[in-house]
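# Coordinate inspection notes
Chain by chain, the residues run as shown.
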Amino acid sequence: MRTVVVTGTASGIGKALKGMLEADGHRVIGVDLRDADVTVDLTTDAGRTGLVEQVTALSGGTVDAVVANAGLSNGSPATLAVNYFGALATLEGLRPLLAGSPAPRAAVTCSMASLLPVDDELVDLTLAGDEPAALARAAELAAAGTGDIIYGSSKAAVAHWLRRVAPSADWAGAGIPLNAIGPGIVQTGMTAEMLATEESTRAVESHVPMPLGGIMGPEVPANLLRFLVSPENSHMCGQVVFVDGGSDVVIRGDKVW
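Over its 18 residues, helix H6 (residues 148-165) runs 27 Å from end to end, which matches the ideal 26 Å to within 8%, given 1.5 Å per residue. Here H6 lies mainly inside the structure; 13 of its 18 residues are buried.

The next subject is the side chain of aspartate 32. Positionally, aspartate 32 belongs in strand S2 (residues 27-32). Here aspartate 32 sits buried without a salt bridge, and the closest side chain of opposite charge, arginine 34, lies 5.9 Å off (N-O distance). Only 2.8 Å separates the side chain of aspartate 32 from the backbone nitrogen of alanine 10, close enough to count as a polar contact. The residues contacting aspartate 32, other than those within four sequence positions of it, are Gly8, Thr9, Ala10, Ser11, Val38, Thr39 and Val40.

Glancing now at the nonpolar core. Among the nonpolar cores identified, the biggest contains 44 residues, and Val55, Tyr84, Leu91, Trp161 and Leu178 are the most heavily contacted of them. Per-element tally for this core: the top contributor is helix H3 (residues 77-98), with 10 residues.

For the rest of this paragraph, the subject is helix H1 (residues 12-23). Over its 12 residues, H1 runs 17 Å from end to end, which matches the ideal 16 Å to within 8%, given 1.5 Å per residue. Buried within H1 are the following residues: Gly12, Ile13, Gly14, Ala16, Leu17, Met20 and Leu21. The secondary structure elements touched by the buried residues of H1 are strand S1 (3-7), S2, strand S4 (65-68), strand S6 (178-183) and helix H8 (219-228).

Turning to the sheet that holds S6, a few remarks are in order. The strand order S3-S2-S1-S4-S5-S6-S7 describes an open sheet built from 7 strands, whose pairing is parallel. Among the strands making up the open sheet, the edge pair consists of strand S3 (38-39) and strand S7 (240-243). Note: S2 against S3, 2 bridges, orientation parallel. Note on S3: the bridge partner recorded for valine 31 is valine 38. Set on the sheet, H1 makes contact with S1, S2, S4 and S6; between it and S1 the angle comes to about 165°. Packed onto the sheet, H8 meets S4, strand S5 (105-109), S6 and S7 and runs at close to 170° relative to S6.

Here we take up the packing of helix H2 (residues 45-59) against H3. For the pair H2 and H3, the least separation of the axes is 10 Å and the interaxial angle reads 35°. Between H2 and H3 lies a crossing of right-handed hand. On H3, the residues touching Arg48, Leu51, Val52, Val55, Thr56 and Ser59 of H2 are Ala81, Phe85, Gly86, Ala89, Thr90, Gly93, Leu94 and Leu97. Split by residue class, the contact of H2 with H3 holds 8 nonpolar, 5 polar and 1 charged.

Once that is clear, we can look at the state of the cysteines. By the definition in use, this model includes 0 disulfides. Left unpaired, cysteine 110 is separated from the closest cysteine sulfur, that of cysteine 237, by 16 Å.

Turning next to the confidence of the model for the protein. Summing up the model confidence of the protein, the mean pLDDT is 94 and the portion of residues at 70 or higher is 95%. Within the protein, the element-level pLDDT minimum falls on helix H7 (residues 198-207), averaging 70, and the maximum on S4, averaging 99.

In this section: the side chain of serine 247. Following the sequence through the fold, serine 247 ends up in helix H9 (residues 247-252). Those residues within four positions of serine 247 in sequence are excluded, and the remaining contacts are Met112, Val208, Pro209 and Met210.

In terms of burial, S5 is a largely internal element, 5 of the 5 residues being buried. By the alternation rule, side chains of S5 split into Arg105, Ala107 and Thr109 and Ala106 and Val108, which are all buried. As for the winding sense of the linkage, the β-α-β connection from S4 through H3 to S5 is right-handed. Alignment of S5 against S6, held across 4 bridges, turns out to be parallel. Residue threonine 109 lies in a different strand from S6, and its bridge partner there is isoleucine 181.

Rules of the game
Residues numbered from 1 in each chain as written. Predicted model: local features only at pLDDT ≥ 70, side-chain atom pairs only at ≥ 80, totals over all residues. Heavy atoms only, no water. Helix = DSSP H or I, 4+ residues; strand = E, 2+ residues; numbered from the N terminus. Expected span 1.5 Å × (residues − 1). Buried < 20%, exposed > 50% of the residue type's maximum accessible area, 1.4 Å probe, protein only. Lys, Arg positive; Asp, Glu negative; His and termini not counted. Salt bridge = Lys/Arg side-chain N within 4 Å of Asp/Glu carboxyl O. Polar contact = N/O pair within 3.5 Å; in protein donor to acceptor, adjacent residues only side chain to side chain. Contact = heavy atoms within 4.5 Å. Core = buried A, V, L, I, M, F, W, Y, C linked by side-chain atoms within 4.5 Å. Pairing = 2+ DSSP bridges. Axes fitted to C-alpha atoms, helices over the stretch in contact; angles between N-to-C directions. Left-handed = near helix turned anticlockwise from the far one by under 90°. Nonpolar A, V, L, I, M, F, W, Y, C, P; charged D, E, K, R; others polar. Disulfide = S-S within 2.5 Å. pLDDT = per-residue confidence, 0-100. Right-handed = clockwise from strand over helix to strand, strands pointing away.

This is the structure we're talking about:
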């Protein structure tokens, strides 16, 4: 039995992953704002500190895997605070607890939105680790009516960070594969409004091409996370694995090579 920490377990991908791992016989320490073993607000320093303290207490100081999955997409600075700074606080704060596992693993939920246009200033401030300045820039974007770009920018920053740190001494050097998933459009509470009508759904599909299968259920990306944090995943390092019905391929074609 492995002990896996998953953030965002109250709904969507996190809830699906929790169910899968528990069905496999593993222990899941769920984290969310509600209905979880650890209830904290990852937009705050207190919440991030509380996450580490409570998980440490519940686990006895050792976990086998960490999945930073919690996320927002509401066009506000809180989206950036959770998606990037909350995710990093989760992964970096709990990394010492992975040291006692014979097969430590870590993963983060990114998005195909990382491939869409971003606000370069916001991404740069975020990667610089200047949370107050990054949140201020996000607030400017929201006030200007362009808050939608915050989500993709936050996920692009996650992807950049992942590629920078995954092969480092702290992660690969410590025997910890660190990777991400890049889902396309997933039917969850976060996307319920944009998928509420046939017209809005068609608009989403025209913006996010998914020729293979279209919009997916949360179990699809959850299954990929399940593999990424399994002992079988021994050598993947710093990869954003797109599970997006083909969005990455349609948008970028073969130019990535």
